[in-house]
Each structure stands twice: as C-alpha cells, then as structure tokens.
Amino acid sequence: MADDDTQSQECAAVRELRANGVSMATTDVEAKLDEGNIQEAESSLREGLSLNFEEARALLGKLEYQRGNVEGALRVFDGIDLQAAIQRLQPSVNENSNPSSVSSNSSSSSSNSSYKKGRANRDSQPAVSQHAASLVLEGVYLKAKSLQKLGRFTEAAQDCTNVLDAVGRIFPLGIPDVQVENRLQETVSQAVELLPELWTQAGNYQEAMSAYRRALLHLWNLDNDCCARIQKAFAVFLLHSGLEAGPPSLGAQIDGAYVPKNNLEEAILLLMVLMRKIHQGMIQWDPSVMDHLMYALSLCSQTPVLSKQLEELKPGVFHRIDRWNILALCCNSAGQNKAALNLLRKSLHKHERPDDLTALLLAAKICSEDSHLAAEGVGYAQRAIDNAQGVGEHLKGVGLRMLGLCLSKQAKVSSSDFERARLQSEALKSLDAAISFEHDNADIIFELGVQYAEQRSLSVALRYAKKYIDITGGSVLKGWRLLALVLSAQQRFSEAEVVTDAALDETAKWEQGPLLRLKAKLQISHSRPMDAIETYRYLLALVQAQRKSFGPMKIDSQVEDDKVNEFEVWLGLANLYSSLSHWKDVEICLRKAREMKQYSSELLHTEGFMCQERGEIQEAISSYINATLLEPSYVPCKILIGAILSKMGSNSLPVARSLLSDALRIEPTNRKAWYYLGMVHKNDGRIADATDCLQAASMLEESDPVESFRSIL
C-alpha cells in the first residue's frame, strides 16, 4: 500500500508544476509538446506561473527530461540565454535592481505603502531571486545531463562549468551557510559533483583535475555526504588516472599547511580525511574507502599507518578475523613477523577460520623465513595444499612452493644427517611439483636453482639460473649473482667474471654493490689481489657517494635490499689485506669498520685471524670466543677454534671435535669444517673417519663458490 502511495505522489509531482507560489496542471503543456509546439507550451507556462522566458524554458525542459525525451529536452534548453538570466538575477546594492523580484511582487508593492509592508517586500526579494536562479540553473544542469546521456561529454562539461560560473557571480563570496533555497543548493551540489566526471568521460584529465580541486577548494556549502563522494572520487582519480597532478596553485595553499608532493600523497591525505569523518560519525561507513587506502598505503610501503587506521575502526565494522588477517599482512610488510604470526595463529585457531587459504599461505611464508619456525610452517603449507580446491585450486602451486621452502629451512636445523637428507629431498620434490602448476613462475625457478646449487647439483643449478635470467630478461640482480656463483663453484672463474661484468653493464649505478663485491672475490680466487683491491676501492667510493646522496635513512633501506654497506666493504678490504699479510692496512680497515658497527662477529673473526697469523694465539682464541658469544651460530669462528684446539694435544681433541661437528650441523657443505674434523680424527687415531672427512673436504673444494649460495636469498 505504501509503495502505491509513493508511486501516486511521484506521478502527481510530474503532472503538476509549481513556481512563484502558483501551480498548474501539465496536461495542456504536455499535449502541446507532443504536437511539437514548443513556443505555445512555453507561453502557457509563462502566463500560468508568471515566469520570464528563461525560467519558462528551464521548467519546460525539465518536464521533457522527466518524461525521458532527452533530445526534446535538449532542444528546449538550447533556447536559454544563461548570461542574460544571470544579469537579471545577480544581486546589486539597490534593493529594487532585480527585475524578476520587482515583477513578481509588483501588485504587492503598489497596494502596500506602509513601512512594515515595504520591509516585508524587501525581505522577500532574495527568496524570489533565489527561486528564479534555481529554475534557470537547474535547467542548464539538466541540459548538461542530457548531453551526457547523448555522449557529448565536452559540451556537457562546458554547460556544467557555466552553471558554476553563474553561481560564482551570484554569490561572489561563496554560498552562505543559511538562507539558501534547498533546490538551488541541490542543483549547485549536483553540478559540482558532475563536472569532474564529465571531463573524465571526455578524456580531458587535466580539466578533470582542475574541476576536482575547484569543487573542494571553493565555498559551495556542500553537505558532508556530497563532499565525501567528491573526495573519494578525486582520490581514486589520483591513484588511477596516470596523470601527475602536481601541487595545488599557490593561491589555494595556506601558510604552514602541508602540501602533498605527488598524486599518491594527495590521494592518501584525502582518504585519511574521509576515515576521520567516518570515525567522527559525519558520514556513513564506506568499505571502498578502506580498500583504496589499503592500496595507496601499500604502494608506498606505509603499512604501519594502515595498521593504525585499522586499529582505530570501531568494533563490528570489520569482522575480527578479517581485521587480524589484514593487520598480519601489515606487520609482515613492516618486518614484524613475530606479531604477524601471532595474529595468524589466532585467525587459524580451530574455533575461528582454520581453513582460510590466504591466512595459511601467509603463515607458511613467514615460517619459511625462520629455521626454528619451519616445522610449524610445514603444517600450515600442507593444510593450504589440502584446502586448495575449487575456486582456490590455482593457489595449490603457491602452497607447494611454501612447503618446499619450509622443508628446506627445517633441514638446516636438523640434528640427524639422515633426517636432513630426507627433508632436502622432500623440499626439492615440493618445488618440482610447484613448477608443474606454474611453469613460468620466476620465483620458483630461482629457488630451485638455489636448492640444487646448495646440494652441489651444479649442472642442474646452472640450467635453472640461465632459465631465470631468460624469463626475467636479465632485469633482476639476483639471477646474475646466482649464475656467477654457480660458475665459480664449477671453478670457471673467468666466465663468472664475464657474467658479473655483463650484469654491471645492465645494472644502475646505485645497485651495483653486490656485483662489485662478488667481482672482487672472483679476482681474489683467480689470484689477482691487486685487481680486487681496486674493485673494493671503487665499491667503497660508490657506497660513500650513495650515503652522501641519499642520507642515512636511504642507506638503511639499501642495506636491507642489497646486503652491502660501508661496514662490509671495510671488512672485505681487511680480509683481503690480511691474506696479503699487510697488517697495518688491516688495522686501518678494522678501525674504520668498527666506526660503522662496534660489535660484530665478522669483525671479531678478522681480528682473531690477524692475531693468529701474528702468533698471538691466546688473543686470537679470545676474539673467536667473543664472536661465538655474540652470535652462537657463527660457523667460521667455531672452525678456527676447533683448528687451534686440534693442535694443542689429545686433551683438546674432544672439544675440537664437538665444535667442528656443530659447525657441520649448521653448514653441512663447509669444506674447512670437514678438513679440520678430518685432522682431528687423524690425530685421534681414527684413520677411516679421517679419510672420509678429508675426502668430503676435497670434493667440496672442487665445488665451493666464492660466496655462500645463501647470500642471495
């Protein structure tokens, strides 16, 4: 029944026209329009509702537009002279200068001469003027809407601009907060919102940008919902238009206010303003605002800001599990893996969503980066594979990849050789299965290359390294590094150096650090220490220039990404001079390195080696022990302590054997550990064990890369 009443009211609204306090039926007007007699229909309106030419045309065009006759409405609207109408409607200093108001109230003015009646007449003039303005401006706005429906977007945008220009002349100081007719305000708000959309549809993005800024910087008296829609549309435009906006004009900037530097910053500011309005209850919750904000903040790696926005949301806006999962993504992106995993454990609890595929894969990924969490990650990855059915079946390859990475990490902390070999075999099987689902996945190809290289299947690793470079077009640095390391493990140092030089030619200057360090180590292995010194000097100059250019904050991010910094360069030079017995140069380099990083196991290792070579055995052992206390899993110092103890008599052999066995548990392919363990067995009279260890050391020496394969992960 209520629906019938609404429909009847809408019909009544269409069938009856009101203006200047007078109403008239539309039957005769519609009949004349159907016959094509626009002039007669216009005359009927002017006489029946006391309208001037422009007002009658606007009302007549609106009637045609409401009837769905867009082309007919456009013919009617074309007769409106907006400039002439605005000249009549524009307020002036003299209270009687508005012809429309005088005409509309002529009978009242002539019949009432008292002061009270005259004052009432003057107070009514702005209302009458606003009503007339509302009719004309709504007509021009509907003309723009008609042109939009006909696909004539540029013309529509021009008419919409005319509406806003006219409003600017009527209200030169902006639309006041009060005493504005509702219909006029509604027309202005609709025109302000429509204009940037029209310019966008016309493909004129620069004008669209100007229209958005005009909408938000001028005083249009927009309500909260309308302003929020414009702000959201502008933010989306900034994110996806591909047009670099640049800052607002100087005239629109406020002293002391923050001015966004680019599209992304401006979009984020707009979206955060919208989020504040949501928190304050000024507008309703809009999930798309949070979606766009997530996208924008992820583009600039500002996930901590996104976390704060999520935490400020009221309970019930997001389901708690969805909030946990998104917060886990933010924490993972910010490097807070422990917090991320704790959130995912809550999300994947048996009473929550234990089979959420995305959460399982993220949890497995986090665990794959930590050897001590790898066993837990295997469980998550296996559950993800089991649940990758139906619409999620395409993620089965991702699950298999995560399973392979977790098994590989788990193998590194296995205390049993048999268990380690089994886990490594299963890891390779999982990665091979993953590549069958995603044949051209560059990440899986790279990981397979590293896995085979670590197990010294160098020919297979070489094939995967070349395939990775082909798929990525040689644009990824770690592919070149893997290829060079595999070639160095095959003792093909000249070819590895050629590959490194080719990679340097293809790499930007600021990203050449890891390649230059690799080149220096290749030159050392090729018995060219002086060339290596020159390479290290160039690398040092590059790193120092980079620090001066980008500042310490930029260097920190480079350390994270490229794994090379000034400390490592000084340390590399110290090791190189140490191999040449240039002890004064070693001391200078160590002093420079200590200025960069005071406490480091690598630094203590180099100091200990220098003392050992000088015959200062106790000082060397002290440095090695301090290094292992600082980093208990630091293998080089364990090996050197074991080597020194193996020469101190039979009483020290058990300790040396324990240290070397622990080193091999951490790095099973370390040839020096195998060699010194063989010497311990030999000194202890275990000839068969010594033979096996020395044979393993000899085999590994033939396939030992100049850098660990783990260094590129």
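As a reminder, the structure under discussion sits directly above these lines.
Computed from a prediction, not measured in an experiment: that's the story for all the values here. (Residues numbered from 1 in each chain as written. Predicted model: local features only at pLDDT ≥ 70, side-chain atom pairs only at ≥ 80, totals over all residues. Heavy atoms only, no water.)

Colleague: Which parts of the structure should I look at to understand the packing of helix α16 (residues 303-312) against helix α17 (residues 320-333)?
Modeller: Any two packed helices are characterised by the angle at which their axes cross and by the distance between the axes. Contact geometry of α16 with α17 gives a least axis separation of 8 Å together with a crossing angle of 160°. Here α16 lies roughly antiparallel to α17, going by the angle between them. Viewed along their axes, α16 and α17 form a crossing whose handedness is left-handed. Of α17, the residues touching α16 (which contributes Thr303, Leu306, Ser307, Leu310 and Glu311) are Arg323, Ile326, Leu327, Cys330 and Ser333. (Axes fitted to C-alpha atoms, helices over the stretch in contact; angles between N-to-C directions. Helix = DSSP H or I, 4+ residues; strand = E, 2+ residues; numbered from the N terminus. Parallel < 35°, antiparallel > 145°, perpendicular 65-115°, else oblique. Left-handed = near helix turned anticlockwise from the far one by under 90°. Contact = heavy atoms within 4.5 Å.)

Colleague: Is there a simple way to think about the packing of aromatic side chains in this case?
Modeller: Centre-to-centre distance and the angle between the planes together describe a pair of aromatic rings. Following the criterion strictly, the structure yields seven aromatic pairs and no others. Taken together through their ring pairs, the aromatic side chains of Tyr205, Tyr212, Phe234 and Phe237 make up a single cluster. One residue, Arg463, lies across the ring of Tyr464, its end atom 5.4 Å from the ring centre. Positioned above the aromatic ring of Phe567 is the side chain of Lys597, whose terminal nitrogen or guanidinium carbon lies 5.4 Å from the ring centre. (Phe/Tyr/Trp six-rings, centres within 6.5 Å; stacked < 30°, edge-to-face > 60°. Lys NZ or Arg CZ within 6 Å of the ring centre and 35° of its normal.)

Colleague: Even after reading the chapter, I still don't get the side chain of Ser703, so can you show me in this structure?
Modeller: You can see Ser703 is positioned in the segment after α36 (687-701). On the accessibility criterion, Ser703 (10% relative accessible area) is buried. (Buried < 20%, exposed > 50% of the residue type's maximum accessible area, 1.4 Å probe, protein only.)

Colleague: Explain the state of the cysteines here, please?
Modeller: In a disulfide, the sulfur atoms of two cysteines are held together by a covalent bond. Per the stated rule, a full pass over the model turns up zero disulfides. The thiol of Cys406 is unpaired, and the distance to the nearest cysteine sulfur, on Cys367, comes to 6.1 Å. (Disulfide = S-S within 2.5 Å.)

Colleague: Help me out: how do you make sense of the environment of Gly79 in this one?
Modeller: Inspection of the secondary structure puts Gly79 in the loop between α5 (70-77) and α6 (82-89). Here the alpha-carbon distance between Gly79 and Arg57, two residues 22 residues apart in the chain, equals 7.1 Å.

Colleague: Where do I start with helix α10 (residues 153-170) in this structure?
Modeller: In an α-helix, one turn spans 3.6 residues; hence positions three or four apart end up facing the same way. Between its first and last C-alpha atoms α10 spans 26 Å; for 18 residues at 1.5 Å apiece the expected length is 26 Å, and the two agree. Along α10, the residues that are buried comprise Ala156, Ala157, Asp159, Cys160, Thr161, Val163, Leu164, Ala166, Val167 and Ile170. (Expected span 1.5 Å × (residues − 1).)

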